[in-house]
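So you can see what is in the structure, the chains are spelled out below.
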Amino acid sequence: MNKMIKGTFFLSLFLIGGCASVYDSSVSVNETIESHITFGETTKIEGDGLSLSDNTVTISMPGTYIVSGSSEDGKIIVNSSSSGTVRLIMDNVTLAGTEGPVIRVDEAKETVIEASENTESSITVTGEDETGQTAAIMSHDNLVLRGNGTLNLTCEEDGIHVNDSFYVENLNLNITAGDDGIQVNDEILISSATLNIVSGGGALETTDERQDTDMVPSNENGFGHGNMENDGVVKTNISEQENEENKAKGISCEGNIIMKNAKITVNAADDAIHSDADVTSENGALTLQSGDDGIHADGTLTVNETDITVSQSYEGLEAKTMILNSGTIDITSSDDGINTADPDYTGNEQDADSSQLTINGGIINVHSEGDGLDMNGNGEMNGGTVTVYGPSGNGDGA
């Protein structure tokens, strides 16, 4: 039987400081800008660096371009080899297409898509283009979405796909996607923005395989590879749609996940929060509901001054190394509440692996049908309070 996916994910983080803003509101649609793209029954272009063919506008040089009007088959392709930023100011634009991305960045040092204040622009996409791309917005280089307006994206596959870095700042962004809401190969920065994502796959995903890739709401790592940095609000629903594996993770990253001052709610069919490396939470509040792990880290899970509620899970918290320093943790699980295990261990199941659980403080309550605390390696408790309720299966216990 196919498993239907439902979920809600809320993320609100506040920067401590020290990061430069990428937002520049020095240009508005009220200023005199010579380059214009006006979609309609007859699409019109005005200004240097623009060409038009079959309702597809190609931008070949840096500059600021005001985009307005509506079209059922309009496209914008950015192909600028010159150094400089291509800036699109969306002024109540409505675009739809049946052949892949409506906005596609083939080459540019940086592309900025800006929704003007008090405006609302919408993009609807089905099908794929000649390059096989299916996202509503696709960029091979750095992409920035920003502005004090609203941008709506509706698409059969991914909402946004970026092969480089992706920033969202001061924007209301609404995405309805049949697959991933946002997929980025490098860094994600979200600052003072509001995102609402309905997706059949993951809500936010980084896929870079480099070891230094992070998906980080953080201040200390700057704009390094794969960071996700946020002081805005993100709400996602993993909708009643099937994906290829009939499962979807709420937040998934092949690198580190660092959450500071985070308020997160995830309801996911698979892991609520998953990292192939480390997960760190400081001064946060996490409310998680999962069909598998509440939080999973192949490396180290560190919790400082964070309240974590896992209301449903197979295993509540799982990591090779787990360091619980402070906060209140409440876990409900159908198997182990807390599990430390080395994913690479190949020895005898009766022997201890190299995993480690360290509890230095906090209040931990576990309601589990398996082990309350399952340590496949070593365990150490230096402070805090741990209460385990009702392990009842297969001889399991605290």
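Look up a bit, the structure's there.
Residues numbered from 1 in each chain as written. Predicted model: local features only at pLDDT ≥ 70, side-chain atom pairs only at ≥ 80, totals over all residues. Heavy atoms only, no water.

**Focus: the nonpolar core**
Side chains of nonpolar character tend, in soluble globular proteins, to be buried together.
Thought 1: Core analysis: the biggest nonpolar cluster contains 44 residues, and Leu88, Leu145, Ile160 and Phe166 have the highest contact counts within it.
Thought 2: When residues of this core are assigned to their parent elements, the largest contribution, five residues, is made by strand β8 (residues 85–97).
Thought 3: Discounting residues that sit within four places of it in the chain, Ile160 has contacts with Ala135, Ile137, Leu143, Leu145, Leu153, Phe166, Leu173, Ile175, Gly181, Ile182 and Gln183.
Thought 4: Residues Ile251, Ala268, Val303 and Ile364 belong to the second largest nonpolar core, which totals 30 residues. (Core = buried A, V, L, I, M, F, W, Y, C linked by side-chain atoms within 4.5 Å. Buried < 20%, exposed > 50% of the residue type's maximum accessible area, 1.4 Å probe, protein only. Helix = DSSP H or I, 4+ residues; strand = E, 2+ residues; numbered from the N terminus. Contact = heavy atoms within 4.5 Å.)

**Observations regarding the pattern of salt bridges**
Thought 1: Taken as a whole, this structure holds six salt bridges when the rule is applied.
Thought 2: Two residues, Arg87 and Glu114, come together in a salt bridge whose shortest N-O distance is 2.5 Å. Taken together, the residues Arg87 in strand β8 and Glu114 in strand β10 (residues 110–115) connect sequence positions 27 residues apart. By the burial criterion, Arg87 is buried, and Glu114 matches it. (Salt bridge = Lys/Arg side-chain N within 4 Å of Asp/Glu carboxyl O.)

**Observations regarding the pairing of strand β27 (residues 263–268)**
Thought 1: Of the two faces of β27, only one is covered, namely that formed by Ile264, Val266 and Ala268; the face formed by Lys263, Thr265 and Asn267 stays uncovered.
Thought 2: Note: β27 against strand β30 (residues 285–290), six bridges, orientation parallel. Bridge pairing links Asn267 to Gln289 in β30. (Pairing = 2+ DSSP bridges.)

**Comments concerning the side chain of Ser326**
Thought 1: With respect to the helices and strands, the residue Ser326 is situated in the loop between β33 (315–324) and β34 (328–333).
Thought 2: For Ser326, a relative accessible area of 16% puts it in the buried group.
Thought 3: Here Glu305 takes part through its backbone nitrogen, which lies 2.7 Å from a polar atom of the side chain of Ser326.
Thought 4: For Ser326, the residues in contact, after removing those within four places along its chain, are Val303, Asn304, Glu305, Thr306, Gly361 and Gly362. (Polar contact = N/O pair within 3.5 Å; in protein donor to acceptor, adjacent residues only side chain to side chain.)

**Side note on unusual backbone geometry**
Thought 1: Backbone geometry places Asp54, a non-glycine residue, at a positive phi of 50 degrees.
Thought 2: With respect to the helices, strands and loops of the structure, Asp54 is situated in the loop between β4 (50–53) and β5 (56–59).
Thought 3: Positive phi, close to 55 degrees, is recorded for Asn283, a residue that is not glycine.
Thought 4: Relative to the helices and strands, Asn283 resides in the loop between β29 (279–282) and β30.
Thought 5: Relative accessible area serves as the criterion here: at 46%, Asn283 is assigned to the partly exposed category.

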